[in-house]
Amino acid sequence: MARWRGHSLLLLVLWTLTAPARPGPGEEGDGGWQRRGAAPAAAAAAEEERCTVERRADLSYAEFVQHYAFSRPVILQGLTDNSRFRALCSRKRLLASFGDNVIRLSTANTYSYQKVDLLFQEYVEQLHPQDPTSLGNNTLYFFGDNNFTEWASLFRHYVPPPFGLLGTTPAYSFGIAGTGSGVPFHWHGPGFSEVIYGRKRWFLYPPEKTPEFHPNKTTLAWLQDTYPALAPSARPLECTIQAGEVLYFPDRWWHATLNLDTSVFISTFLS
């Protein structure tokens, strides 16, 4: 009996040493990004009634090029496994790895971007739900201005979508933003955007259909003030991208984003 107890104790010790570490309180599922007791988000920061962007879980490259690459957006599901990257993007791990790094923030307006430098830890600790009355040039947003040398240890674990376009080179843009934040309507080249934690609602118009918006109003203000009055024919394509999903947007498509939670996300621009 003593020998069996000894073997049991040894097995328990070995299992404890080799078992993967469990996430701490608040980390499982949301990576610790949804802070308990935080102020509630604006009521407008909610998912759409009906998603109008197609979701595909079985898309081949030939289908992607033929039906989506140059004509309309699509949401990709299950084409890559970024569970390792997701684990590294928890609040605790990012603060431990990059808390002392200086990051560059941009204002959340369409045409004019003021830049502000701040310690990553300070930015994370100051994340809060968006004030709907704040103008875009008073709203700071971490996305796009990444120092690739400093963040290389993280980016090398990211698995990008398996589809590319001839003549383009992929470039990453990594971001973290609070509930109700987002970028108002703008356009650029094609690309993919994956949500790692949280949810991000997208609004998209084709290049020939310029949306009605004010370049210095936030997406949240646009959703509250302009969106309800739009005729059905004037409404954008829209959908909320869940964690693990990837949105593809074609070249020169107008788009605006709204983070429904504190969100961690990464885009692959095809430039």
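None of these values were measured; they are calculated from a predicted model.

Moving on to the environment of I103. Position of I103 relative to the elements: it lies in strand β3 (residues 102-107). Considering only alpha carbons, one finds I103 and F143, 40 residues apart in sequence, at a separation of 9.5 Å.

Turning next to the state of the cysteines. Scanning the entire structure with this criterion turns up one disulfide. Through a disulfide, C51 is tied to C239; the S-S separation comes to 2.0 Å. The sign of the -110 degrees torsion about the S-S bond sets the C51-C239 disulfide as left-handed. With C51 in the loop between α1 (2-18) and β1 (55-56) and C239 in strand β9 (residues 237-242), this pair connects stretches of sequence that are 188 residues apart. Judged by its relative accessible area of 26%, C51 is partly exposed. Residue class for C239 comes out buried when judged on its relative accessible area of 1%.

Let us now look at the nonpolar core. The biggest cluster of nonpolar side chains holds 29 residues, and the ones touching the most others in it are L94, F120, W151, L154 and F174. When residues in this core are grouped by element, the largest group, four residues, is from strand β6 (residues 170-177). In terms of nonpolar packing, the next biggest core, distinct from the first, is built from 14 residues, F203, W222, W254 and L258 among them.

Here we take up the sheet that holds β3. Strand order in the open sheet formed by nine strands is β1-β2-β10-β7-β12-β6-β5-β3-β4, with mixed pairing between adjacent strands. Each edge of the open sheet carries a strand with a single partner, namely β1 and β4 (115-119). Sheet topology note: the strand β2 (residues 74-76)/strand β10 (residues 246-249) ladder contains three bridges and is antiparallel. The residue bridging I75 from the neighbouring strand is L247, located in β10.

Another point: the confidence of the model for the protein. Here the protein averages 85 in pLDDT, while 82% of its residues score no lower than 70. In this model residues 1-26 is a low-confidence stretch, pLDDT under 50, and it forms four contacts with partners more than four residues away in sequence or in other chains.

We now examine a nonpolar patch on the surface. Residues Y61, V65 and F70 make up a contiguous nonpolar surface patch of about 310 Å² in total accessible area. Turning to its location among the elements, Y61 is positioned in helix α2 (residues 61-67). Take Y61: its relative accessible area is 39%, and that puts it in the partly exposed class.

Further remarks concern the pairing of strand β11 (residues 254-259). Among the six residues that make up β11, six are buried, leaving the element largely enclosed by the rest of the structure. Of the two faces of β11, the one carrying W254, A256 and L258 and the one carrying H255, T257 and N259 are both buried. Bridge count for strand β8 (residues 199-205) against β11 is six bridges, and the pairing is antiparallel. Within β11, the residue paired with F203 across the bridge is A256.

Rules of the game
- Residues numbered from 1 in each chain as written.
- Predicted model: local features only at pLDDT ≥ 70, side-chain atom pairs only at ≥ 80, totals over all residues.
- Heavy atoms only, no water.
- Helix = DSSP H or I, 4+ residues; strand = E, 2+ residues; numbered from the N terminus.
- Disulfide = S-S within 2.5 Å.
- Buried < 20%, exposed > 50% of the residue type's maximum accessible area, 1.4 Å probe, protein only.
- Core = buried A, V, L, I, M, F, W, Y, C linked by side-chain atoms within 4.5 Å.
- Pairing = 2+ DSSP bridges.
- pLDDT = per-residue confidence, 0-100.
- Contact = heavy atoms within 4.5 Å.
- Patch = residues over 30% accessible without salt bridge, like charges linked within 9 Å, V, L, I, M, F, W, Y side chains within 5 Å.
- Areas by Shrake-Rupley, 256 points an atom, 1.4 Å probe, with all protein chains shown as cover.
- Salt bridge = Lys/Arg side-chain N within 4 Å of Asp/Glu carboxyl O.

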